[in-house]
Amino acid sequence: MQCLLLLCSAAFAYSQETLNAGDYFGDLKARHLGPALMSGRISDIELHPKNPRIVLVGAAGGGIWKSQDGGVKFNPVFDAHCQSIGALAIDPNDPDNTYWAGTGETWTRNSVSAGDGIYKTTDGGKNWIRSGLEKTDRIAAIQIHPRNSSVVYVAALGALWGNSDDRGVYKTEDGGKTWNRIFFVNNTTGCSEIIMDPANPEVLYAAFWEFRRTAYSFQSGGNNSALYKSSDGGKTWNKLESGLPKGKMGRIALALAPSNTSVVYAVIEAEKKEEKGLYRSDDAGKTWKFLNGDFELTVRPFYFSRISVDPANPDIIAKCGLSGSISRDGGKTFRNLGSMHPDIHDIVFDRSNSDKMFFATDGGVYRSLDGGSSMEMVECLPVSQFYHVSHDNREPYYVYGGLQDNNSWVGPSESPGGVEPGDWEPVGRGDGFRVYPHPNDPNIVYSEMQGAEVMWRYDIKKQEIKLIKPYPGEGSPKLRFNWNAAFTTSKHHPDRLYAGSQFLHVSEDRGAAWKIISPDLSTNNKSKQNQEASGGLSADNSGAENHCTIFTIAESPLTDQVIWVGTDDGNLQLTTDGGKTWNNLVKNIPGLPPNTWCYHVEASVHGKGIAYAVFEGHTQNDYRPYVYKTNDFGKTWQSIVTSEITTFVRSLQEDYQNPDLLFLGAENGLYITLNGGKSWSVFSNNFPRVAVHYLELHPTKNALLAATHGRGIIVLDDISPLRKINASLLNSNLSFFDSDVFVIDEKSNFGGRSQENQFVASNPTSRAQIRYFLPKRHMFGKMTAEIHDLQGNLVTKADAGKLKGINTIEWGFNATAPKVAKGKSLSFAGAPTVKAGKYLLKITKGNEVFEKQIEVVYGKNSGFTPAEREEQQQVTKQLFDFIQDLAYLVFTIEKWEEKANDFQQKQTKPNAGVAGLLNELSSIKNILVVTTGDNYVGTAEPKLREKLNDVYGSINAYPGAPSSTQKENILSLQKQFAEAKARFAKAESGSIQTFRKLLEKNNPAETFKVPDFGEYLKM
Amino acid sequence: MKKLIPFLFTLVIASTVKAQSVDEIIQSYCQAVGGKNWDAVKNMRLKTNLNQGGTTIPVEVVMMADGRSYTQITFNGNTMTMRAFDGQKSWGTNFMTMAAEEESAEESENSRRTAAEFPNALMHYKKLGYTASLLGTEKVDGTECYKIKLEKKTMLVEGKEIPNIEFHYLDKESKVILMSESELPSGEMKGKLSQEKYSDYQELNGVMVAFSNASGIKDGPSQTVQFEKVEMNVQVDENKFNFPKK
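Conventions adopted
Residues numbered from 1 in each chain as written. Chains lettered and ligands numbered in written order. Predicted model: local features only at pLDDT ≥ 70, side-chain atom pairs only at ≥ 80, totals over all residues. Helix = DSSP H or I, 4+ residues; strand = E, 2+ residues; numbered from the N terminus. Contact = placed C-beta atoms within 7 Å. Buried ≥ 20, exposed ≤ 12 C-beta atoms within 10 Å, placed from the backbone. Pairing = 2+ DSSP bridges. Nonpolar A, V, L, I, M, F, W, Y, C, P; charged D, E, K, R; others polar. Expected span 1.5 Å × (residues − 1). Arc of directions from axis to C-beta. Core = buried A, V, L, I, M, F, W, Y, C linked by C-beta atoms within 7 Å. Axes fitted to C-alpha atoms, helices over the stretch in contact; angles between N-to-C directions. Parallel < 35°, antiparallel > 145°, perpendicular 65-115°, else oblique. Left-handed = near helix turned anticlockwise from the far one by under 90°. pLDDT = per-residue confidence, 0-100.

1. Describing the overall build of chain B
Phase 1 of the analysis: Each helix and strand in chain B was counted, giving 3 helices and 14 strands.
Phase 2 of the analysis: Projected onto its principal axes, the C-alpha coordinates of chain B cover approximately 80 × 40 × 35 Å.
Phase 3 of the analysis: Partitioning the intrachain contacts of chain B with sequence separation of at least 6 by distance along the chain shows that 40% fall at a separation of at least 24.

What follows is the structure in structure tokens.
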């Protein structure tokens, strides 16, 4: 029996260690701030072969987006999966439903994200299933047999950062259930492109590319890069050589003319400069002829190796590049494409109208309707790739961050009508990275571009830019800055800045002057500092491979003497005396491979010696997560990683109140722990599985800001309920969280100015959010919510949340609206706002009632005196009653009208007295409400009801005292109403009385009575 | 005791390894909500007072087993038909003119195609010729559900026949529908997923009815309709389904 009890207790007991937090996030949802005005890198575009309304877009780090209107608006369709997209394909046999998505971008820049296999949907993108190739890391192309959907070929580029056998050409003949690697060159050479002859699907061309990236170098090209052709569905492959460059080759772009499949184009990265460029074959690959070596054809092959042929004309070809170019003479000459964001990665022609084209750039998707001359940007793709995020303390607060190839920006966390493109302001150029406001003056913004080539101090108000980058002094070695160079502000000295080259620099005057306060804190490994030789067959020394540099700087929020510094080559350094002495702690960290990039250090608010260190080794082809905690200034470290974290991580944010609540930014999304790292859960409530590069927590708003590298800034507006989730909540049917004081939002504005085709971020709610916890979803029996005053009067009803875990009741501080008189057209009188004070929320769940007292207060800076508010509330109440009195009078008149009409219809000859009564009632009603017209331009002249609702609305909407004009207007309306009431009173004692007697005479048993006011209000 | 523990384990293991077919899951759902008792339901009338920021709007929804339906609201004492379907045509009220207007021919056609679904498409999917498939299990707001794809007759949108697919999430524990989902085929939100989350199931005449329905766009805000009164087999004014004579 004891065994049974143990079994039961094991099954049903919960503890903080076993609580699966992911089941209890409830209605805690993320909000996407975007923005989309600069959008982000797009890797692939596919068009439906027959329906030009359908457009699929694969983003470098922002998932898959589908348009059903020809590319005006897009919806994300892949949020639950890896957001790094390499290639998309639409099945020509079932183009409405079946798509394939190869994950892992293949434009292999330093910041590229990795993939986790190939996915397939058979319902147009609503559901996706992973269909294998999990270890291929990145997929460059997918070709589907045009008459047999089961046969699919995949070009697997494979691992970027290390050797791998999971690359080459893969084929499935059962629709993705099983795959065969049908062509493999070696573990350093991947298949970078595969194309199929649509006229003869047994004919395939494949480009192979030998390549490798490390944290400090890039190598494109080698003896194993080559072009191959198969004529038997991939069973055998022949190397194509006649007319092609000899020796080493790099990345190759390939395309075939659909209108003449003997015409094949290749753009080849060759060893010799004069052999780099465009080649054309007119005999299906047997022989090739060099045509053109223009800049746009040869520029950065690793980034731009794609060429497209007009589906109707074999001589019109478009080449991706820095600006992109197009030839209309079969490749002999090219002109640049129209003006769009640089760095073009894909170009597609509409098959039914090749003047209509789409372009994938580092700055989103562009459309052209004139064959590539004029461009129009798609403005609804928030796939921006942030490296970092910070915030200020304004109300509302603003967020700051820099993006891949898209400058640095500042934008508000909320704005009238939502956060629109025009709300964002540039605060830096180039590739943007870290951006900080001055801690006390948000008009001063610090920003930088790649490799700290420039660092700026920008005074937004004065429109004044000062360059503040640290320079080497006399006798100083060359300063090495990371591509994403480290700098930060101080929590203790508002004018202080820290910047990291290989040294830690400090400025006490907002960046004007700098001094070095450390030795070289990196490994200073000279073999990793030869960036000039980077690129392979095409030199590529952009600063992206700068190495042996400081990457993260964390000053303790508790003392300026403690500063943690992490380097990209795996050092973790600490000073406890403000930089006088330094100690490399990495030797104390168990289980950490050497030279693993120290990406982030979180210096804790909970103790000077407490810190978290996040390392990531993906540039060493190590995708495991490394997160450690120390409580003793780095002498000892404990891993807080569990098997629930499935890939590498970059950033950690601790909560400022609950030391066990931690947030982790991973390559595949956001993870949360409620127990200090004993278990982690993925947060997926409107949070895609996107790479999170940085996290920041607003200390007073409790807003978690995530800089995602593909989906812009994502915000959890209030994480405070997470602080309170623990296993004990599971034992109660309903538990309230400590949200009990709410500020009435009295702002008003005219909303925004954006168009339907633009991305606009929603605002956080301005309503009261009363939160509670349900251990289990409410499914059976009634569950309702009401708000009462402390005297027990019902103020209003509310929507009760019924989800498992966190639930929120939102209340707009409204009471109940007055009952408005019936009229021919509609007239609105909204609910008054409640007074500041205490209220009681009552939730009825089945037979149980749960109560929570809350307090409503006015904003500290509202600007209205108590006397003004009192007057506004009194007049609003007076008008509220007035509206209902008028409504009741109209109701009473109509009841008598009904009765009188009913009486007249039963008479053989209309009764003259009753007819007179009807005339009088109609005449009075015509004073009170409109009885003709509609709600638009056929509207009738407003009557008392409409005028009264108008003045009520204007007073109710403004918390200050009513104006003398408004008060005079009320007096006028009151006078008119009094006159109408007097007329009705006269009728009541006259013609109505006569009519009543007539009724009694006709039918003594009948007692006609108009419901009283109280009854009317309940109707 | 020695026998009891292996029995418990067997029970646990058996319940986890036995894969249910989609039909079994739907049958379990049908039983959970009343099964054959639904055959006796000829119509339903649902009433509530919608609370729009403190303004109370009485709402009445009537659904007939033959597919006819109407939704009417009362505002400023005026009762208006938001939308009605008379078996052939669907129509609604233009709030500018307060006059009835027919919906497009496509909308009427789509209403006719789904007219036989009462009380819902899942319950009679075989009879309706729809195809149901089990996509697996998925958590909805932390609650484990079966995810069922229901492929209905195509619908006509902007001149094209397009798939009409619903996804139903059935609570594994209680068997009832927790959420239904479908893609919006047209309009400003075209392509987005519309979701309806059900709760407050209560027994009425031997069948289970969800008194609460929170609807909205996936990942967006939702609006809850909490029905206060649900009646079955009531006398209905037949004229309310019909387009008013002008």
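2. Describing the overall build of chain A
Phase 1 of the analysis: Scanning chain A from N- to C-terminus turns up 10 helices and 66 strands.
Phase 2 of the analysis: Taking the principal axes of its C-alpha atoms as reference, chain A extends roughly 115 × 80 × 70 Å.
Phase 3 of the analysis: Residues counted as buried form 51% of the 1019 residues belonging to chain A.
Phase 4 of the analysis: Look at the contacts in chain A between residues 6 or more apart in sequence, and 57% of them connect residues 24 or more apart.

3. Side note on the sheet that holds strand E59 (residues 735-736) of chain A
Residues and elements named next belong to chain A.
Phase 1 of the analysis: An order of E59-E61-E64 is seen for the 3 strands of this open sheet, with the pairing classed as antiparallel. The two strands at the open ends of the sheet, each matched to only one other strand, are E59 and strand E64 (805-811).
Phase 2 of the analysis: Pairing of strand E61 (residues 768-774) with E64, which is carried by 7 bridges, proceeds in the antiparallel orientation. Each residue of the ladder has a partner; that of Gln-769, found in E64, is Glu-810.

4. Here's the deal with the interface of chain B and chain A
Phase 1 of the analysis: Contact with chain B, which involves 38 residues of that partner, is made by 47 residues of chain A.
Phase 2 of the analysis: Those elements giving two or more residues to the side of chain B that touches chain A turn out to be helix H1 (4-17), strand E2 (55-64), strand E9 (160-171), strand E11 (193-204) and strand E13 (222-226) of chain B.
Phase 3 of the analysis: Here the side of chain B that touches chain A takes 4 residues from E11 of chain B, the largest share from any one element.
Phase 4 of the analysis: Across the side of chain B that touches chain A, the residue classes tally to 13 nonpolar, 17 polar and 8 charged.

5. Looking at the environment of Asp-27 of chain A
All names here are of chain A.
Phase 1 of the analysis: Mapped onto the elements of the fold, Asp-27 is located in the loop between helix H1 (2-12) and strand E1 (31-34).
Phase 2 of the analysis: Classification of Asp-27 as buried rests on a count of 20 C-beta atoms within 10 Å.
Phase 3 of the analysis: Sequence separation of Asp-27 and Arg-147 is 120 residues, and the distance between their C-alpha atoms is 46 Å.
Phase 4 of the analysis: Contact partners of Asp-27, with chain neighbours within four places excluded, come to Gly-801, Leu-803, Ile-806, Asn-807 and Thr-808.

6. Topic: unusual backbone geometry
All names here are of chain A.
Phase 1 of the analysis: Here the amide bond leading from Gly-34 into Pro-35 is cis, since omega sits at 0°, within 30 degrees of zero.
Phase 2 of the analysis: As for its position among the elements, Pro-35 is in the loop between E1 and strand E2 (42-47).
Phase 3 of the analysis: The amide bond that connects Glu-395 to the next residue, Pro-396, takes the cis arrangement and shows omega of 0°.
Phase 4 of the analysis: You can see Pro-396 is positioned in the loop between strand E31 (390-391) and strand E32 (398-402).

7. Points about the pairing of strand E62 (residues 783-789) of chain A
Residue and element names in this part refer to chain A.
Phase 1 of the analysis: Pairing of E62 with strand E65 (residues 837-845) involves 7 bridges; the strand directions are antiparallel. Within E65, the residue paired with Asp-789 across the bridge is Tyr-839.
Phase 2 of the analysis: Two strands pair when backbone bridges link them, and E62 and strand E63 (residues 794-798) are joined in this way by 4 bridges, in the antiparallel orientation. Its bridge partner being in E63, Ala-785 is matched across the sheet by Ala-798.
Phase 3 of the analysis: Counting the residues in the hairpin turn of E62 and E63 gives 4 residues, including Gly-792, whose phi is positive at 95°.

8. A look at helix H8 (residues 964-989) of chain A
Residues and elements named next belong to chain A.
Phase 1 of the analysis: Taking 1.5 Å per residue, 26 residues should reach 38 Å; H8 reaches 37 Å between its end C-alpha atoms and fits that length.
Phase 2 of the analysis: The set of residues buried in H8 consists of Ile-970, Leu-973, Ala-980, Phe-984 and Ala-987.
Phase 3 of the analysis: Where H8 is buried, its residues meet helix H5 (866-906), helix H6 (912-928), helix H7 (944-956) and helix H9 (991-1002).

9. Quick word on the pairing of strand E33 (residues 408-412) of chain A
All names here are of chain A.
Phase 1 of the analysis: Where burial is concerned, most of E33 is hidden: 4 out of the 5 residues are buried.
Phase 2 of the analysis: Sheet topology note: the E32/E33 ladder contains 5 bridges and is antiparallel. Residue Gly-402 lies in a different strand from E33, and its bridge partner there is Ser-408.
Phase 3 of the analysis: Hairpin connection from E32 to E33: 5 residues lie between these consecutive antiparallel strands, with Asp-405 at a positive phi of about 55°.

10. A look at the sheet that holds strand E28 (residues 353-361) of chain A
All names here are of chain A.
Phase 1 of the analysis: Strand order in the open sheet formed by 4 strands is E27-E28-E29-E30, and the pairing between neighbours is antiparallel. At either margin of the open sheet sits one strand with a lone partner, and together these are strand E27 (344-350) and strand E30 (376-377).
Phase 2 of the analysis: Summarising the sheet, strand E29 (residues 364-368) and E30 pair through 2 bridges and their orientation is antiparallel. Bridging across to E30, Arg-367 finds its partner in Glu-376.

11. Describing the environment of Ala-87 of chain A
Residue and element names in this part refer to chain A.
Phase 1 of the analysis: Within the element layout of this structure, Ala-87 appears in strand E6 (residues 85-90).
Phase 2 of the analysis: It is 79 Å that separates the C-alpha atoms of Ala-87 and Phe-903, two residues lying 816 residues apart in sequence.
Phase 3 of the analysis: Ignoring sequence-local partners within four residues, the contact set of Ala-87 consists of Asp-44, Gly-102, Ile-139, Ala-140, Ala-141 and Ile-142.

12. Comments concerning helix H3 (residues 105-113) of chain B
Residue and element names in this part refer to chain B.
Phase 1 of the analysis: Considered for burial, the residues of H3 that qualify are Glu-107, Asn-110 and Ser-111. Considered in projection along H3, the buried side chains sweep an arc of 100° and stay on one side of the axis.
Phase 2 of the analysis: For H3, the elements touching its buried residues are strand E4 (78-85), strand E5 (90-94) and strand E8 (143-157).

13. Some details on the nonpolar core
Residues and elements named next belong to chain A.
Phase 1 of the analysis: Counting 228 residues, the largest nonpolar core has Val-57, Ala-155, Ala-206 and Ala-266 as its most contacted members.
Phase 2 of the analysis: Sorting elements by how many residues they give to this core places strand E15 (residues 204-214) first, with 7 residues.
Phase 3 of the analysis: Discounting chain neighbours no more than four positions away, the residues touching Ala-206 are Ala-155, Val-169, Phe-183, Cys-191, Glu-193, Ile-194 and Tyr-228.
Phase 4 of the analysis: Core analysis: the second largest hydrophobic core is formed by 35 residues, Ala-817, Phe-880, Ile-970 and Ile-992 among them.

14. Topic: the packing of H7 of chain A against H8 of chain A
Residues and elements named next belong to chain A.
Phase 1 of the analysis: Running from N to C, H7 and H8 cross one another at 150°; their axes reach a closest spacing of 11 Å. Taken together, H7 and H8 sit at an angle that is classed as roughly antiparallel. Between H7 and H8 the crossing geometry is left-handed. Contacts from Leu-944, Lys-947, Leu-948, Val-951, Ser-954 and Ile-955 of H7 reach H8 at Gln-966, Asn-969, Ile-970, Leu-973, Gln-976 and Phe-977.
Phase 2 of the analysis: Its residues assigned to classes, the contact of H7 with H8 comprises 7 nonpolar, 4 polar and 1 charged.

15. Describing the confidence of the model for chain A
Phase 1 of the analysis: Looking at chain A as a whole, the pLDDT averages 95, with 98% of positions reaching at least 70.
Phase 2 of the analysis: Ignoring residues within four places in sequence, the model shows residues 1-14 of chain A, a span with pLDDT below 50, making 8 contacts including any to other chains.

16. Examining the packing of H8 of chain A against H9 of chain A
All names here are of chain A.
Phase 1 of the analysis: In contact at an axis separation of 3 Å, H8 and H9 are set at 35° when each is read in the N-to-C sense. Of the residues in H9, those touching H8 at Ala-987, Glu-988 and Ser-989 are Ser-991, Ile-992 and Gln-993.
Phase 2 of the analysis: The class makeup of the residues in the contact of H8 with H9 is 2 nonpolar, 3 polar and 1 charged.

17. Some words on the environment of Ile-843 of chain A
Residue and element names in this part refer to chain A.
Phase 1 of the analysis: If you trace the backbone, Ile-843 turns up in strand E65.
Phase 2 of the analysis: Overall, the presence of 22 C-beta atoms within 10 Å leaves Ile-843 in the buried class.
Phase 3 of the analysis: In this structure the C-alpha to C-alpha distance between Ile-843 and Ala-798, which are 45 residues apart in sequence, comes to 9.3 Å.
Phase 4 of the analysis: When sequence neighbours within four positions are dropped, the list of residues in contact with Ile-843 reads Leu-734, Ala-785, Ala-800 and Phe-850.

18. Regarding the confidence of the model for chain B
Residue and element names in this part refer to chain B.
Phase 1 of the analysis: Per-chain confidence: chain B averages 91 in pLDDT, with 92% of residues scoring 70 or above.
Phase 2 of the analysis: This stretch, residues 1-17, has a pLDDT under 50; its non-local contacts, to residues over four places away or in other chains, come to 5 contacts.
Phase 3 of the analysis: Predicted complex metrics record ipTM = 0.92 and pTM = 0.95.

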